[in-house]
Amino acid sequence: MAGLKGDVSELEKSYDYIVVGGGTSGLTVADRLSEDGTKTILVVEYGYLDDSPNILMPSPANNDRNMSRFFDYMTTPQKELNNQTTVAYAAAIVGGGSAVDHMMFDRGAAEDYDNWEKLGNPGWGWNGILPYFQKSVTFTPPTAQQQKEIGYTYDEKAAYGGEGPIQCSYPPFQWPQQKIQWNAWRDLGIKETKEGAGGEAVGLFWIPSALNTKTMTRSYSRNAHYDRAATRKNFHLLPGYKVLKIEVSKDLRAEGITIQSRDGNKKATTTISASQEVVLAAGAFGSPALLQRSGVGPKDILKAASVEVKLDLPGVGRNLQDHAGSLLLYTYSTNTVPNSAAVSNNATFAAEVQAQYTQNKTGPLTVGYGNSVVFLPLQTFEPNYESLIKKVTSQNSSSYLPSEYETTLFNGFKEQKALLAASYASKHSAMLEVFFNGDPTAIPVLQKPLSRGTVHLNSTDPLGPPIIDPKVFSNPIDMDIMTSMFKYVRKWMAAPSQASLGPVEIVPGSAVVSDADIVGAIRQFSTPSIGHALGTCAMMPLDMGGVVGSDLKVHGVEGLSIVDASVMPLAPATHLLTTVYAVAEKAADLIKARAKQ
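Because the structure is predicted, anything quoted here is derived from the model rather than measured.

### A word on the environment of alanine 284
Secondary-structure assignment places alanine 284 in helix H9 (residues 283-293). Along the primary structure alanine 284 and alanine 538 are separated by 254 residues, whereas in three dimensions their C-alpha atoms are 9.8 Å apart. If we skip the residues at most four places from it in the chain, alanine 284 touches Val455, Ala533, Leu534, Thr536 and Ser566.

### A closer look at the packing of aromatic side chains
Tallied over the full model, the rule gives 27 aromatic pairs. Ring centres of phenylalanine 71 and tyrosine 73 lie 4.9 Å apart, and the angle between their planes is 15°; on these two criteria the pair is classed as stacked. Here the two residues phenylalanine 71 and tyrosine 73 agree in accessibility, since each one is buried. Over the ring of tyrosine 357 we find lysine 361, and its NZ or CZ is 4.8 Å from the ring centre. Note that lysine 586 overlies the ring of tryptophan 124, its terminal NZ or CZ placed 5.1 Å from the centroid.

### Thoughts on empty space enclosed by the protein
All chains considered together, the criterion is met by four cavities of 30 Å³ or more. Estimates place the volume of the largest cavity at around 110 Å³. Around the largest cavity, the lining residues are Leu320, Gln321, Asp322, Ala324, Leu446, Pro449, Ser451, Pro470, Val472, Phe473, Asp478 and Pro528. Split into classes, the residues belonging to the lining of the largest cavity amount to eight nonpolar, two polar and two charged.

### Details of the environment of leucine 534
Note that leucine 534 resides in the loop between strand S23 (526-527) and strand S24 (560-562). Assessed through its relative accessible area of 0%, leucine 534 is described here as buried. Each C-alpha atom, one on leucine 534 and one on methionine 431, is 17 Å from the other, the two residues being 103 residues apart in sequence.

### Quick notes on the pairing of strand S17 (residues 432-436)
Regular strands place their side chains on alternate faces of the sheet. Across the five residues of S17, five count as buried, placing the element largely inside the fold. Of the two faces of S17, the one holding Leu432, Val434 and Phe436 and the one holding Glu433 and Phe435 are both buried throughout. Summarising the sheet, strand S16 (residues 372-376) and S17 pair through five bridges and their orientation is antiparallel. Residue pairing across strands places valine 373 opposite phenylalanine 435, the latter belonging to S17. Sheet topology note: the S17/strand S19 (residues 445-446) ladder contains two bridges and is antiparallel. If you follow glutamate 433 over to S19, its bridge partner there is valine 445.

### So, helix H14 (residues 385-394)
Taken together, the buried positions of H14 are occupied by Tyr385, Leu388, Ile389 and Val392. Seen from one end, H14 has its buried residues packed into an arc of 100°, which puts them on one side. Exposed and facing more than 90 degrees away from the buried side of H14 are Glu386, Lys390 and Ser394. Considering only its buried residues, H14 is in contact with helix H13 (378-381), helix H15 (407-425) and helix H16 (476-493).

### Comments concerning the confidence of the model for the protein
This prediction gives the protein a mean pLDDT of 97; 99% of its residues lie at or above 70. The element-level mean pLDDT for the protein is lowest in helix H11 (residues 341-345), coming to 89, with S24 highest at 99.

### A look at the nonpolar core
The biggest cluster of nonpolar side chains holds 164 residues, and the ones touching the most others in it are Trp185, Leu291, Tyr424 and Ile481. Here this core gets ten residues from one element, more than from any other, and that element is H16. If we ignore the near neighbours within four places in the chain, the residues touching leucine 291 are Ile246, Leu280, Val296, Val316, Cys537, Val547, Leu560 and Ile562. Formed by 13 residues, the second largest nonpolar core is a distinct cluster that contains Phe205, Phe375, Val445 and Ala573.

### Things to note about unusual backbone geometry
A cis geometry characterises the amide bond from valine 337 onward to proline 338, with omega recorded as 5°. Relative to the elements of secondary structure, proline 338 occurs in the loop between strand S15 (328-332) and H11. Of note, the amide linkage connecting valine 507 to proline 508 takes the cis form, showing an omega dihedral of 0°. Backbone geometry at methionine 216 places phi at a positive 55°, although glycine is not the residue there. Here methionine 216 falls in the buried class, since its relative accessible area comes to 9%. Positive phi outside glycine occurs at lysine 361, with the angle close to 55°. On the secondary structure map, lysine 361 appears in the loop between helix H12 (347-360) and S16.

### Comments concerning the pattern of salt bridges
Counted by the stated rule, this structure contains 20 salt bridges. Between aspartate 31 and arginine 228 there is a salt bridge whose closest N-O contact spans 2.7 Å. Taken together, the positions of aspartate 31 in helix H1 (residues 24-33) and arginine 228 in helix H8 (residues 221-229) put the pair 197 residues apart, joining distant regions of the chain. Measuring nitrogen to oxygen at the nearest pair gives 3.1 Å for the salt bridge that ties arginine 69 to aspartate 50.

### Describing the sheet that holds strand S22 (residues 503-507)
Taken together, the three strands give an open sheet; going across it, the order is S18-S15-S22, and neighbouring strands pair in antiparallel fashion. The sheet terminates laterally at strand S18 (441-442) and S22, the two strands that pair on one side only. Docked against the sheet, H16 engages S15, S18 and S22, running at close to 10° with respect to S15.

### Some words on the side chain of arginine 222
Tracing the sequence through the fold places arginine 222 in helix H8. One polar contact links arginine 222 to aspartate 51, side chain to side chain, over a distance of 2.9 Å. If near-sequence neighbours (up to four positions away) are discounted, arginine 222 is found in contact with Leu27, Leu49, Asp50, Asp51, Val94, Gly95 and Asp227.

### Things to note about helix H3 (residues 110-118)
Looking only at H3, the buried set comprises Ala110, Asp112, Tyr113, Asn115 and Trp116. Taken together, the buried residues of H3 touch helix H4 (126-136), H15 and helix H18 (577-595). Positive backbone phi, approximately 90°, marks glycine 120, located one or two places after H3.

### A word on the side chain of aspartate 322
As for its placement among the helices and strands, aspartate 322 is situated in the loop between strand S13 (311-312) and strand S14 (325-326). Here histidine 532 takes part through its backbone nitrogen, which lies 3.1 Å from a polar atom of the side chain of aspartate 322. Every residue in contact with aspartate 322, bar those within four places of it in the chain, is listed here: Leu446, Pro449, Pro528, Ser529, Ile530, Gly531, His532 and Ala533.

Basis of the calculations
Residues numbered from 1 in each chain as written. Predicted model: local features only at pLDDT ≥ 70, side-chain atom pairs only at ≥ 80, totals over all residues. Heavy atoms only, no water. Helix = DSSP H or I, 4+ residues; strand = E, 2+ residues; numbered from the N terminus. Contact = heavy atoms within 4.5 Å. Phe/Tyr/Trp six-rings, centres within 6.5 Å; stacked < 30°, edge-to-face > 60°. Buried < 20%, exposed > 50% of the residue type's maximum accessible area, 1.4 Å probe, protein only. Lys NZ or Arg CZ within 6 Å of the ring centre and 35° of its normal. 1 Å grid on protein atoms, 1.4 Å probe; cavity = no way out; pocket = protein on both sides within 12 Å on 5 of 7 lines; lining within 4 Å. Points joined across faces, edges and corners; volume = space filled by probe spheres on them. Nonpolar A, V, L, I, M, F, W, Y, C, P; charged D, E, K, R; others polar. Pairing = 2+ DSSP bridges. Arc of directions from axis to C-beta. pLDDT = per-residue confidence, 0-100. Core = buried A, V, L, I, M, F, W, Y, C linked by side-chain atoms within 4.5 Å. Salt bridge = Lys/Arg side-chain N within 4 Å of Asp/Glu carboxyl O. Axes fitted to C-alpha atoms, helices over the stretch in contact; angles between N-to-C directions. Polar contact = N/O pair within 3.5 Å; in protein donor to acceptor, adjacent residues only side chain to side chain.

Spelled out as structure tokens, the structure:
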């Protein structure tokens, strides 16, 4: 391909735009910028261009957590999880998270994005970002037969209408147990929502997959954005290279980047210039770490790592948020056939399933991780929600924030907490998510944490993996809410509709009953992340601890912008994929507009 480069010797010395990170957001922005044939674009990606067929197959059975496609990142020991360390998921592959995720293609509620705007970001509320959700994707409705047999519902007018490069739709299969689980939520009084992507992302509803129905394969930033941009003469991609730092001048302008091959035999470094902008798309861990290595960040962190302080910007690497998940594992003692377990324990059935997909593009292997979810407001599952909200508003939350926080970060969190308290009281904003697909496993996921983590350079190895500390459950109210979520999921598994399957709790087990024991189980069987890290270069005003403004330009540095999940100031209640695409689409328009000024 004309755009793919294998060595720095093949590059130009200067480009109009350099995009750091060839993942979900980076390839989206680079594709859009290269639509203007007069502008030159270079994308530098640490990962490789991987043509393995299993990336395209929707089923996680073929492409789940292949760690060669991720950075080797771990969290610090988490105090509230019995000092366990866990994997901090960050994709290292062309296509980024969109190449390795579970293809869940949902959006948050309108209120979640309106909260972004209320944090000093005009144009970033629901009405401002919805056109970019729509621009990013082409939605293919499920067939009439699928709607009848499976029960899919959607509202194309409310949510879609664009003809974007990413394809999304519904698979032609769901396990029969999924319908039983769906009805169990109805037993609890949970109402069905016809379409979750139109701003009403609460209740019980279907979510599409990032699925190309013509081929029944994954649609992601590599095959949707890169493949078409790669034919343009003004677009270059250099995979397999690490960006050591952004070259920031004394008058605080980003002038280019310095890079080095991942190949240990190539020690030479190369500096490439950017005449218009350096665009960071390295993710919620990579973007703050790169800023810090370049001398932009909290001065104490930079000095400890012997990095020259170009700009003291306290918010870089702070405000880390993620969606923490806990685990309730069941077995169905009277499970019906077919079921998902048979794929792994019945070789004959597994061969049949594989043949269905290979020959006809039908059957279980067309399904990603699932297409049905509940997103529930706090008051749905917490009977004492009003007293819990009073606890939030009266709490001296600063005592639970990272010790490195200073005045501007405290100011920002104060504004965030007021918005979160309002969302906790709202019927239109979710706190609990459970995705379900017919498996006897339940993972309650906390959507709006009060806890805040950090991402910092390792002072003894600034070029190595950053120190990632999610500080999960550091605010005890998060644990209170997770405990209530845990109990509510048990109610779901005990609902009348589930009885025909004979659910039996294995982890943590039916003997775990008291609140203290449930908290103990949460500490043992939880993860601080389901791969939704965000917020570490928050889009907020400088006096609120922000790193970028609503134009996505880094405060105080010219020619430097950020376009990935790190700019999201508050976690929306959703899987992040579609939101990352929407942010990137809006970012590309912002960058194009200022180039014309």
